[in-house]
Amino acid sequence: MLHGNGHDGGGVTVRHLIRQTSGVFPYGMDPARMERFFNPTFLTGRFDRLTPRELVRIAVGHPALFPPGEGWAYSNTNYVLAAMIAEQAGGLPFAELLTAQVTRPLQLAGTYMPGDETEIQGTHPRHYSKNAADSDLAAPVHDVTEQNAGHNSVAWGAGGIVSTCDDLDRFLTALLHGELLPPRQQHEMFTTTPVPPHVWIDGAHYGACICSMPLPNGRTAWGVDGMIQGSFTFAMGDRDGSLMRQPSFWWAPLPLRASHPLRAAGRKGRGQTIRLPIPRAERCGMYPQTAPYAPCQQAVTGCRPTFQLRARAWTIRGWCGA
């Protein structure tokens, strides 16, 4: 399955996949997928159904980014492949493995992987997006809360999970504190390599499914981030899981991605609010404007997040026009 256009499935290991060093092309950067996802066509494309195998076929339809182990590039295809491997090894659908090994042991009652439904269960905020592939400030805002983000979606193993702030706080604390992984795997997770400049988040280091970013106060924040049209999640904490344990959310008219959202926040004390303008010229945040990311032309439109550091908690809100 992972063959063609320089992709060598025989040379790709699980470690390559979870450390983002496989060189496998990111299916999300396929021009046809970009057209469906970052344009008004998303209003219908948000209900598209694609199996994991179809996502991998899209990826191998493009040249590999580099030979396995000889570079670093974030690719959601890596996590889809890792989830497929987990299903084969565990003998259960990925959603059931998630329940059995993570959400049930940690009692994460508000966390689940959607099936075929397009609505979010329970009480939740609305998700809004301009669906714009350019910097048109006049583009209309759309409610995109209903979308396929679980089974047979472009999210699936790459982040197709619904959760709550409390649950993600509990999960990140358990992960960083060593409650989920045995010591050897915990050490592997925290073993990082620098992310090359202008490739993802400048200044970040990446380990096994986790990244770290240095703060100006000398601390290091560990965690993960992710976005889907209309929403963004940034969950970070100290390595021992004792500080900044609450994950961060914002819902804004355009999905934003700041390069270093926690750096300035590290200078402030708890209870203070930091307003960080995101440069309008910053496009797609984590993706450089070079191949294979050149098709991505989604510009930040002036929306700004507020970072509020509370006692052991980060809160992020979004607004426009400030």
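Above this note sits the structure.
Looking only at helices and strands, one finds 9 helices and 13 strands in the protein. Out of the 322 residues in the protein, the part that is buried amounts to 49%. Counting only contacts in the protein whose residues sit at least 6 apart along the sequence, the fraction spanning at least 24 positions is 65%. Approximately 14600 Å² of the protein is accessible, and the part contributed by carbon and sulfur atoms is 54%.

At a minimum axis separation of 10 Å, helix α4 (residues 52-60) and helix α5 (residues 76-90) run at an interaxial angle of 140 degrees. One finds that α4 runs oblique with respect to α5. Between α4 and α5 lies a crossing whose hand is left-handed. Residue-level contacts link Pro52, Arg53, Leu55, Val56 and Ala59 of α4 to Thr77, Val80, Leu81 and Met84 of α5. Each residue belonging to the contact of α4 with α5 can be placed in one class, and the counts come to 7 nonpolar, 1 polar and 1 charged.

Another aspect to go through is the nonpolar core. Leu2, Tyr27, Val56, Val80, Leu81, Met84 and Trp156 are the most contacted members of the largest nonpolar core, which totals 23 residues. Looking at this core, the elements that each hand over two or more residues are α4, α5 and α6 (94-103). Not counting chain neighbours up to four residues away, the residues in contact with leucine 81 comprise Met1, Leu2, Leu17, Val24 and Val56.

Further remarks concern the packing of aromatic side chains. Per the stated rule, a full pass over the model turns up 9 aromatic pairs. Ring centres 6.2 Å apart and planes at 80 degrees place the aromatic pair tyrosine 74 and tyrosine 206 in the edge-to-face group. Of the two residues, tyrosine 74 sits in the loop between α4 and α5 while tyrosine 206 sits in strand β6 (residues 205-206), which places them 132 residues apart along the sequence. Of the two residues examined, tyrosine 74 and tyrosine 206, each falls in the buried class. Pairwise contacts between aromatic rings join Trp72, Tyr74, Tyr79, Trp200 and Tyr206 into one cluster.

This part takes up the environment of asparagine 76. Within the secondary structure, asparagine 76 sits in helix α5. As for asparagine 76 and leucine 55, which are separated by 21 residues in sequence, their C-alpha atoms are 9.6 Å apart. The contact partners of asparagine 76, leaving out residues within four places of it in the chain, are Pro26, Tyr27 and Ala158.

Cut-offs used in this document
Residues numbered from 1 in each chain as written. Predicted model: local features only at pLDDT ≥ 70, side-chain atom pairs only at ≥ 80, totals over all residues. Heavy atoms only, no water. Helix = DSSP H or I, 4+ residues; strand = E, 2+ residues; numbered from the N terminus. Buried < 20%, exposed > 50% of the residue type's maximum accessible area, 1.4 Å probe, protein only. Contact = heavy atoms within 4.5 Å. Areas by Shrake-Rupley, 256 points an atom, 1.4 Å probe, with all protein chains shown as cover. Axes fitted to C-alpha atoms, helices over the stretch in contact; angles between N-to-C directions. Parallel < 35°, antiparallel > 145°, perpendicular 65-115°, else oblique. Left-handed = near helix turned anticlockwise from the far one by under 90°. Nonpolar A, V, L, I, M, F, W, Y, C, P; charged D, E, K, R; others polar. Core = buried A, V, L, I, M, F, W, Y, C linked by side-chain atoms within 4.5 Å. Phe/Tyr/Trp six-rings, centres within 6.5 Å; stacked < 30°, edge-to-face > 60°.

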